[in-house]
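Commentary on secondary and tertiary structure
One letter stands for each residue in the lines below.
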Amino acid sequence: MKGKNLIKFAATTAVLTPVAVALTKTLLSDRQESVYEPHGDEARVQSYAEKLSAMLQYDTTSYPGQEQREKFLGFHKLLEELFPQLHATLEKTEIDGNLFYYWKGKSSDKSLVLMSHQDVVPAEGEWLHGPFSGDIADGKVWGRGAADIKCGIMTFMQAIEELVSEGYTPDHDVYICSSCTEETGGDGGPKLVAELQRRGVRPWLLCDEGGAIVDEPMGGVKGSIAMIGVVEKGIANVRFIARSNGGHASSPSKGTPIARLAAFVHDVETNYPFRSEFLPQTEEMLNAMAPYSDFCLRLLLGNTWLFKPLLKKIMPVLSGEAAAMLRTTIAFTMQSGSEAFNVIPQEASVSANLRFIPHQGRADSLEILRKRAEKFGLEMEVITSSECCPVVDTTSSGFNHVVETIKTTFPGLAYSPYVMTGATDARFYGDVCETCIRFAPLLYGKEQMKGMHGLNENMSASCLTGAVDFYRNLITSNK
């Protein structure tokens, strides 16, 4: 009996010791606060809000497959009016509505690329303020593109406008790349990359949209945190097709096209085919957010070395975005079948959008789906696809420059690497730049997050000054 008891004691101790270590570590760490209070003198806030308002009043909605260059040329004229010193100093190249600017510095080493796209998604539904009104009300600037992401163009162009007016010459070359096709997945980004390649430019650092200063970025995490996007998932659009001989709906056989498609969709939704794993950057993100959480969550997030298996189960429950940081995702978005109520279709289909995680990339994810589809007698057609983007090294000098700029501009603001679940134009730049950061230095609360691609999009006017200051510091501080 003594021997058995000793074994039980040893086994219990082996289990409890790591938990005791995690508990002790958490008990000894105080909960921290990360508070970002936008500020700036009233004159600056009003001036910047009016410039953003003017940009929002110009409709730059993009539609796939349409020639829209003339629309964007009109928007470029507005930019010339709003930022005259920038346009008098920087070299501007227009490429089919896409904008490329070059600000010559004292050195071509460590060149910087600033990015935000010009186009916006369609505005539908009933808005509190018209989607192209540019209204300034309740401390916010309202309109399609306010948060996604004319605010980015406005703030970095304003930063350059002020620096040029002060007679400043950058130590290193600065470029602006702004496409007009980002929302439609068009070729604007690749055309701008081709221009960099034509000039032989390999940027040291690129800053695009994606991450931001996010209020309560995850359930249980309090305060605002600068979420710096360092990973962008791959993407594919896929169509699943079911075929039959068709026939009259009065005498259906089993396994009709729509029935097989429905069974397939249900199977994928209930028996998810992709595995969850922690990227190092995801683990780093959770550890960074731990000090700003309540005790229980701080225990889990701050000790991922122990609680990863549990977090794999918890994170998908917290939110769809949290789940997407762990695995490849699939969302069924479109369907087609017969055009008559009483006709069994000879062909029916459902289409889906996939986002690939680096540990289970394009080839692996698509093969898993193809085999699953075959079990239901379906064909799979890949319409478009791209692999995961290169992961930014969070120890690189470029990443650290962004971190130091955040610390300088927003004292006391916490920061964290961020696994992006959406897509940006930055995904096209991996061949020319190793450090493609996805971070816009603007404050996004629940209202701003909800408004992107939705109703009542807006941006707080008070946070525009901090964003301008961030870009000024990014350009002027030592690298």
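The present account deals with the structure reproduced in this document. Just so we're clear, the structure is a prediction, and the values are computed from it rather than from any experiment.

For the protein, the count of helices and strands is 15 helices and 17 strands. Dimensions of the protein along its principal axes, counting C-alpha atoms only, are 80 × 75 × 45 Å. Burial statistics for the protein: of 479 residues in total, 52% are counted as buried. For the protein, contacts bridging at least 24 residues in sequence account for 80% of all contacts bridging at least 6. Within the structure as shown, the protein displays about 21,400 Å² of accessible surface, and the carbon and sulfur contribution to it stands at 53%. With 46 positive and 58 negative side-chain charges, the protein shows a separation of 10 Å between the mean positions of the two kinds.

Counting across every chain of the model gives 14 aromatic pairs. When the ring of Y36 is compared with that of F410, the centres are 5.2 Å apart and the planes differ by 80 degrees; the resulting orientation is edge-to-face. Note that Y36 is positioned in the loop between helix 1 (2-27) and helix 2 (42-57) and F410 in the loop between helix 13 (397-409) and strand 15 (414-420), a separation of 374 residues in sequence. Of the two residues, Y36 and F410, neither departs from the other in class, the shared state being buried. Measuring from ring centre to ring centre gives 5.5 Å for F439 and F470, while their planes differ by 70 degrees; the resulting arrangement is edge-to-face. Of this pair, F439 sits in strand 16 (residues 436-444) while F470 is found in helix 15 (residues 464-476), placing the two residues 31 residues apart along the sequence.

Formed by 94 residues in total, the largest nonpolar core has its most connected members in L114 and M459. When near neighbours in sequence (up to four residues on either side) are disregarded, M459 contacts L52, G139, K140, V141, A146, A147, C151, L442, L443, Y444, Q448 and L464. Grouped together as the second largest cluster of nonpolar side chains are 20 residues, L261, I330, A348 and L369 included.

Bringing the packing of helix 5 (residues 150-165) against helix 15 into the picture now. The N-to-C vectors of helix 5 and helix 15 enclose an angle of 55 degrees; their axes lie 8 Å apart at closest approach. By the angle between their axes, helix 5 is oblique relative to helix 15. Crossing of helix 5 against helix 15: the hand is right-handed. On the side of helix 5, the interface is formed by G152, M154, T155, F156, Q158, A159, I160, E162 and L163, while helix 15 contributes L464, A467, V468, Y471, R472, I475 and T476. Here the contact of helix 5 with helix 15 is composed, by residue class, of 10 nonpolar, four polar and two charged.

Reading the values: the criteria
- Residues numbered from 1 in each chain as written.
- Predicted model: local features only at pLDDT ≥ 70, side-chain atom pairs only at ≥ 80, totals over all residues.
- Heavy atoms only, no water.
- Helix = DSSP H or I, 4+ residues; strand = E, 2+ residues; numbered from the N terminus.
- Buried < 20%, exposed > 50% of the residue type's maximum accessible area, 1.4 Å probe, protein only.
- Contact = heavy atoms within 4.5 Å.
- Areas by Shrake-Rupley, 256 points an atom, 1.4 Å probe, with all protein chains shown as cover.
- Lys, Arg positive; Asp, Glu negative; His and termini not counted.
- Charge placed at Lys NZ, Arg CZ, Asp CG, Glu CD.
- Phe/Tyr/Trp six-rings, centres within 6.5 Å; stacked < 30°, edge-to-face > 60°.
- Core = buried A, V, L, I, M, F, W, Y, C linked by side-chain atoms within 4.5 Å.
- Axes fitted to C-alpha atoms, helices over the stretch in contact; angles between N-to-C directions.
- Parallel < 35°, antiparallel > 145°, perpendicular 65-115°, else oblique.
- Left-handed = near helix turned anticlockwise from the far one by under 90°.
- Nonpolar A, V, L, I, M, F, W, Y, C, P; charged D, E, K, R; others polar.

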